[in-house]
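# Reading the structure
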Amino acid sequence: MLFRHSQGPEITADNWIHRGVLLLNASFEALTEIRAERAVVLLLTGSAEPVVDHEPYFPIRSKDVEIALPETIRLTRYIYLEHRILAPDDNSRATLPAVLRRDHFRCGYCSGWARTVDHIKPRSRGGPNTWANLIAACGPCNTTKADRTPEEAGMRLLWEPKAPNDIARRQRQVWKDLAAS
Ligand SMILES: [Zn+2]
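These numbers come from a predicted model, not from an experiment.

Looking at the zinc ion, one finds its protein donor set to be Cys107 (SG), Cys110 (SG), Cys138 (SG) and Cys141 (SG), positioned 2.3 Å from the metal centre. Each of the four donor atoms around the zinc ion contributes to a set of angles spanning 101 to 115°, which defines the coordination as tetrahedral. Counting gaps between the donor residues of the zinc ion yields the pattern C-x2-C-x27-C-x2-C. Residue Cys110 is found in the loop between helix 2 (96-102) and strand 8 (116-119), and its partner Cys138 is found in the loop between strand 9 (134-137) and helix 3 (139-145); the two are separated by 28 residues along the sequence. Accessibility expressed as a relative area gives 39% for Cys110, which makes it partly exposed. Residue class for Cys138 comes out buried when judged on its relative accessible area of 8%.

Put into structure tokens, the structure is as follows:
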């Protein structure tokens, strides 16, 4: 079973190992995202099979085998999980590098180049490290805002920060493909 979708930025021999590959349980439920490097090992050892290949075709060569770089793979054996691994919600904890990546290094207040992360509700007042409370910010905006809320600082968020929903979106696509096949 193989579906093809067009996906994201260009893949090169240098960057393919860092790509995220969606890992599905044998039941087609999304488990998590793993690095392409690990996904390829699962494919080569028969622990997983491809569900969606990267488009356009990108060959991964290992010894005398060539396989396609996958976007989504599925475990060949079901693994039982007591707690389902769910896509993060707005109130899950986020790391600062992950927030910068989510916001594409753009400042949430001026859309300039951002290398720091702002707590919308300040940390000094109990503002948590969650997807909804963190936003990428440039140095000047972060300094101007200081220990204030955006309202107090007279600053406005250009977008509402949320948990990245990539896993949820791709899971929906898997169900859709299954229903259509
Ligand atoms: Zn800024």
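Looking at the largest pocket, its volume works out to about 900 Å³. Considering the residues around the largest pocket, the lining is formed by 22 residues, among which Gly20, Glu33, Arg101, Pro164 and Asp166 are closest to the centre. Ranked by the residues each element gives to the lining of the largest pocket, the list is headed by helix 5 (residues 166-180), at four residues. For the lining of the largest pocket, the per-class residue count stands at seven nonpolar, six polar and nine charged.

Here we come to the pattern of salt bridges. Opposite charge on two side chains permits pairing when their charged atoms draw close. Taken as a whole, this structure holds eight salt bridges when the rule is applied. Residue Glu37 is joined to Arg35 by a salt bridge in which the shortest nitrogen-to-oxygen separation is 2.8 Å. Of the residues examined, Glu37 reaches a relative accessible area of 37% and is grouped as partly exposed. On the basis of relative accessibility, which here comes to 40%, the residue Arg35 falls in the partly exposed class. Between Asp118 and Lys145 there is a salt bridge, with its nearest N and O atoms 3.1 Å apart. One end of the pair, Asp118, is in strand 8; the other, Lys145, is in helix 3, with 27 residues separating them in the sequence. With relative accessibility at 3%, the residue Asp118 sits in the buried group.

Take the packing of aromatic side chains next. Note on aromatic pairs: each is described by the distance of the centres and the angle between the planes. The tally for this structure, following the rule as stated, stands at one aromatic pair. With centroids separated by 5.4 Å and ring planes inclined at 25°, the aromatic side chains of Phe105 and Trp113 adopt a geometry described as stacked. For Trp113, a relative accessible area of 59% corresponds to the exposed category.

Moving on, we get to the environment of Val65. With respect to the secondary-structure elements, Val65 resides in strand 6 (residues 65-68). The spacing of Val65 and Leu44 is 21 residues in sequence and 8.5 Å in space, taken between C-alpha atoms. Sequence-distant contacts of Val65, that is, excluding residues within four places in its chain, are made with Leu44 and Ile60.

Further remarks concern the domain arrangement of the chain. Here the chain is described as being made up of domain 1 (3-84 + 165-180) and domain 2 (96-153). One C-alpha centre belongs to domain 1, the other to domain 2, and the line joining them spans 32 Å.

Counting buried positions along strand 7 (residues 70-75) yields six of six residues, so the element is predominantly enclosed. In the sheet, strand 2 (residues 20-24) pairs with strand 7 via three bridges, with the strands oriented parallel. In the strand pairing of strand 7, Leu24 is matched with Arg74. Sheet analysis places strand 4 (residues 48-53) next to strand 7, joined by five bridges and oriented antiparallel. Bridge pairing in strand 7 places Glu49 opposite Arg74.

Definitions and cut-offs
Residues numbered from 1 in each chain as written. Predicted model: local features only at pLDDT ≥ 70, side-chain atom pairs only at ≥ 80, totals over all residues. Heavy atoms only, no water. Donors = N, O, S within 2.8 Å, 3.2 Å for Na, K, Ca; no water. Tetrahedral: all angles 85-135°; square planar, octahedral: opposite > 155°, others 65-115°. Helix = DSSP H or I, 4+ residues; strand = E, 2+ residues; numbered from the N terminus. Buried < 20%, exposed > 50% of the residue type's maximum accessible area, 1.4 Å probe, protein only. 1 Å grid on protein atoms, 1.4 Å probe; cavity = no way out; pocket = protein on both sides within 12 Å on 5 of 7 lines; lining within 4 Å. Points joined across faces, edges and corners; volume = space filled by probe spheres on them. Nonpolar A, V, L, I, M, F, W, Y, C, P; charged D, E, K, R; others polar. Salt bridge = Lys/Arg side-chain N within 4 Å of Asp/Glu carboxyl O. Phe/Tyr/Trp six-rings, centres within 6.5 Å; stacked < 30°, edge-to-face > 60°. Contact = heavy atoms within 4.5 Å. Domains from an automatic or database assignment. Pairing = 2+ DSSP bridges.

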